[in-house]
Amino acid sequence: MSQFTLNLLVIGASFALYIGIAIWARAGSTAEFYAANRGVSPVMNGMATAADWMSAASFISMAGLIAFTGYDNSTYLMGWTGGYVLLAMLLAPYLRKFGKFTVPEFIGDRFYSGTARIIGVICLLIISITYVIGQMTGVGVTFSRYLEVSSSTGLWIGAALVFVYAVLGGMKGITYTQVAQYIVLIIAYTIPAVFIALQLTGHVLPQTGLFGTLNASDTKFLATLDQVVTDLGFRSYTGHHQSTLDMVLFTMALMIGTAGLPHVIIRFFTVPKVADARKSAGWALVFIALLYTVAPAVGAMARFNLTATMWPGAETGQTFSQPAVSLEDIQNREDLHWMRNWQVTGLLNWEDKNGDGLIQYYNEAGAANDQLAAVIAEQGLQGNELTTVNNDIMVLANPEIANLPGWVIAIVAAGGLAAALSTAAGLLLAISGAVSHDLIKGAINPGISEKGELFAARVSMAVSILVATILGLNPPGFAAQTVALAFGLAASSIFPVLMMGIFSARMNKEGAIAGMLAGVIATLVYIFTYKGWFFISGTNMLPDTADAWLFGISPASFGTVGAVINFAVAYLVSSATKEPPAEVRDLVESIRIPRGAGGAQAH
Amino acid sequence: MSDRQSSNAYWQANLRLIWRCMIIWALVSYGFGIILRPLVAGISVGGTDLGFWFAQQGSILVFIVLIFFYAWRMNRLDAEHGVDE
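Residues numbered from 1 in each chain as written. Chains lettered and ligands numbered in written order. Predicted model: local features only at pLDDT ≥ 70, side-chain atom pairs only at ≥ 80, totals over all residues.

A. Geometry of the overall build of chain A. Counting its regular elements, chain A contains 25 helices and 2 strands. When the 603 residues of chain A are sorted by exposure, 60% land in the buried category. If you take every contact in chain A between residues at least 6 apart in sequence, the share linking residues at least 24 apart comes to 81%. (Helix = DSSP H or I, 4+ residues; strand = E, 2+ residues; numbered from the N terminus. Buried ≥ 20, exposed ≤ 12 C-beta atoms within 10 Å, placed from the backbone. Contact = placed C-beta atoms within 7 Å.)

So this is what it looks like as structure tokens:
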């Protein structure tokens, strides 16, 4: 059976499963459409949250980010998991007790202000739309690579599938398809990782293999990797090279940004009880950790395999003991066919600059050690000859690099699609809920009937899918800034306002609004200063380099500073203005205790 | 009034528990994983040091334990203060 047929079968089977679930889980009321009628078990919700959370970026890009930077990018691993501790202790149980449907709704009720609610809606829309574009392009890219269709055709197929289960089932349909998508994506991620860990270290668990001993040389894997990459002029893999302050602030921005993402928060509205919301955050992190503890092993091992492909001597840690891989081998050898496959996509490329028939891969900009300098002089190197290596192929090409069977490749394709589609659906639900519940029912037509709102929710969902697809086909400049924009805004606006709403009974409307505006504006101005106004290239006022950053704080880390500004401004303004009315203080008292969460279901 | 006092004591106990958990949360990630890494660099773990392990594995495992610990202690607190469901 050809690889194409296999891919088609596996992806087709996964899609049939999602559609089957969609038909079974149709939504009949707004409570079902927005919150799956609060009947999802904590373990199921944990699994759905994991799929909702782990996007195309987690599945495809994260291992590559770690592979080519090493220790410094541990910030992603800690940042994208540590937020769940904050969710479990600071937000999820109380918002579940509040018992309504959307994040802006809490902001509006707690701060007795339609203005606060609208600011919440605007932040939610910017965050979720930025985020969803990346998912849609991820769907298109995966389709075009594995099913030989154009990426725009792939995008429309993906959009049609999300349309079926999100419009029919709302939160209920999305929850159960996310559970299925989690299972597909975790299998897809784990199988190649286990095979590769076995090949390199003899460990079944990639998590321990990373710290194990390399079979080929009987030396520690990480020590060998450090040796090999520094031989080639790259920075050591396990070393700490970046600014400590920026690492701390970036990790914090990712953590509080995660806790402030509306599409993650609303998942905790679906469990029956407050105690379930706490427990469910733990289960979500268990399921996320199954991927996040494997990803650093995948990254390190893929980096090692790539290096050992280019320099066969590196396999035993003796980088220059054998000549570099030859052009002839790359073009003919059966086990290197993946290089030819990926060259077609433009994600991998090479060029024999000095015409010696060998492809030498090294860091031409790095601090050349004596050994490397000697090699460069001796072989007359004109520069690094592996001219393009895209981060993303570290996961996508992994099964091919390790020569795994065709069905593994097909499962990885289905897994990449599951990761992108499940996150897209969660984001689209957050977007359509904000439109139908916060804008239409909350502001434009409060008298709308239950049936009317359900219809409005479905129409908003359909329109959101259409808009996301069109933006995915023509990604605007800001789409590449998901980390800075989505996490920066969630960290500087939504997380602080929710936390103060719960933990400070004294916080009033004036403080919350001033805090949100100050946090968001400060963060956006800082990002635009270095990335260009509205991300239009050439309009940045300062170069986007570590030397130009204020105290060495990168634009993507500034969300943490934005959050501090939000807290400080909110505190100052609320101290100077009158305290919130008695009924709001009662609301704060009531969300702090679990008893009575079931009753709030009636809405 | 006694109801409010009980819920106040419950809330204070919750806040103390949150603080304790947050200290551990920060210690394993920002502490051992980043800032204190040089301090624990002497402890070697599989070809690198303890700080690297905390940054790429340990912190995540501790986060999981923390959430379940918090959930378990809160269930007890809920019952003790009569605010459970």
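B. Spotlight on the overall build of chain B. When helices and strands are tallied, chain B shows 2 helices and 2 strands. Shown N-terminal to C-terminal, the secondary structure of chain B runs as helices and strands in the order α-β-β-α. The C-alpha atoms of chain B give 18 Å as radius of gyration, which overshoots the globular expectation for 85 residues (12 Å, by more than 25%). Overall, the C-alpha framework of chain B stretches about 60 × 20 × 15 Å when taken along its three principal axes. Expressed as a percentage of its 85 residues, the buried residues of chain B come to 34%. (Rg over C-alpha atoms; globule rule 2.2 N^0.38 Å.)

C. Region of interest: the packing of helix H6 (residues 103-110) of chain A against helix H20 (residues 406-444) of chain A. Residue and element names in this part refer to chain A. At a minimum axis distance of 9 Å, the contact between H6 and H20 shows a crossing angle of 35°. Contacts between H6 and H20 involve Pro104, Glu105 and Gly108 from the first element and Ala434, His437, Asp438 and Gly442 from the second. Class assignment of the residues belonging to the contact of H6 with H20 gives a composition of 2 nonpolar, 3 polar and 2 charged. (Axes fitted to C-alpha atoms, helices over the stretch in contact; angles between N-to-C directions. Nonpolar A, V, L, I, M, F, W, Y, C, P; charged D, E, K, R; others polar.)

D. Spatial organisation of helix H3 (residues 42-53) of chain A. Residue and element names in this part refer to chain A. Here H3 contains 12 residues, and its C-alpha end-to-end distance of 16 Å stays within 8% of the 16 Å for a straight helix at 1.5 Å per residue. Within H3, 11 of the 12 residues are buried, leaving the element largely enclosed by the surrounding structure. Looking at the buried residues of H3, the elements they touch are helix H8 (151-201), helix H12 (262-265), helix H13 (274-292) and H20. (Expected span 1.5 Å × (residues − 1).)

E. Quick peek at the nonpolar core. With 241 residues, the main nonpolar core has A:Leu185, A:Leu428 and B:Ile67 as its most contacted residues. Residues contacting B:Ile67, with those up to four places away along its chain left out, are A:Tyr84, A:Val85, A:Ala88, A:Ala281, A:Gly282 and A:Leu285. (Core = buried A, V, L, I, M, F, W, Y, C linked by C-beta atoms within 7 Å.)

F. Here's a closer look at the confidence of the model for chain A. This prediction gives chain A a mean pLDDT of 92; 99% of its residues lie at or above 70. Confidence over residues 599-603 of chain A falls short of pLDDT 50; this stretch has 6 contacts with residues more than four positions distant or in other chains. (pLDDT = per-residue confidence, 0-100.)

G. Seen up close, the packing of helix H22 (residues 482-503) of chain A against helix H24 (residues 558-576) of chain A. Residues and elements named next belong to chain A. Taken N-terminus to C-terminus, the directions of H22 and H24 make an angle of 30°; their axes are 8 Å apart at the nearest point. One element, H22, and the other, H24, form an angle in the roughly parallel class. Judged by the twist between their axes, the crossing of H22 over H24 is right-handed. Facing H22, whose interface residues are Phe487, Gly488, Ala491, Ser492, Ser493, Phe495, Pro496 and Met500, H24 presents Phe558, Gly559, Thr560, Gly562, Ala563, Asn566, Phe567 and Ala570. Each residue belonging to the contact of H22 with H24 can be placed in one class, and the counts come to 9 nonpolar, 7 polar and no charged. (Parallel < 35°, antiparallel > 145°, perpendicular 65-115°, else oblique. Left-handed = near helix turned anticlockwise from the far one by under 90°.)

H. Structural detail: the environment of A:Asp438. Residue and element names in this part refer to chain A. Relative to the elements of secondary structure, Asp438 occurs in helix H20. Under the C-beta neighbour-count criterion, Asp438 is labelled buried, with 25 such atoms within 10 Å. Considered as a pair, Asp438 and Val121 are 317 residues apart in the sequence and their alpha carbons are 7.3 Å apart. When near neighbours in sequence (up to four residues on either side) are disregarded, Asp438 contacts Thr102, Pro104, Glu105, Arg117 and Val121.

I. A look at H24(A). In this model, H24(A) (19 residues) spans 27 Å end to end at C-alpha, consistent with the 27 Å of a helix rising 1.5 Å per residue. Considered for burial, the residues of H24(A) that qualify are A:Phe558, A:Gly559, A:Thr560, A:Val561, A:Gly562, A:Ala563, A:Ile565, A:Asn566, A:Phe567, A:Val569, A:Ala570 and A:Ser574.

J. Representation of the interface of chain B and chain A in the model. Taken together, the 36 residues of chain B in the interface contact 43 residues of chain A. If you list the elements that add at least two residues to the side of chain B that touches chain A, you get helix H1 (2-35) and helix H2 (50-80) of chain B. Top contributing element to the side of chain B that touches chain A by residue count: H2(B), with 17 residues. By residue class, the composition of the side of chain B that touches chain A is 22 nonpolar, 10 polar and 4 charged.

K. Here's a closer look at unusual backbone geometry. Residue and element names in this part refer to chain A. The backbone of Phe535 shows a phi angle near 65°, a positive value even though the residue is not glycine. Despite not being glycine, Phe551 shows a phi value in the positive range, around 50°. Residue position: Phe551 is located in the loop between helix H23 (509-531) and H24. A count of 9 C-beta atoms within 10 Å places Phe551 in the exposed class.

L. Structural context of the confidence of the model for chain B. Residues and elements named next belong to chain B. Confidence along chain B averages 92 in pLDDT terms, with 93% of residues attaining 70 or more. Across chain B, the element-wise mean pLDDT spans from 90 in H1 up to 97 in H2. With pTM at 0.94, the complex prediction returns an ipTM value of 0.95.

M. Looking closely at the environment of A:Ala570. All names here are of chain A. Mapped onto the secondary structure, Ala570 falls in helix H24. By the C-beta count within 10 Å, which is 26 here, Ala570 ends up buried. Separated by 73 residues in the primary sequence, Ala570 and Val497 place their C-alpha atoms 8.7 Å from one another. Discounting residues that sit within four places of it in the chain, Ala570 has contacts with Met500, Met507, Gly511, Ala512, Ala514 and Gly515.

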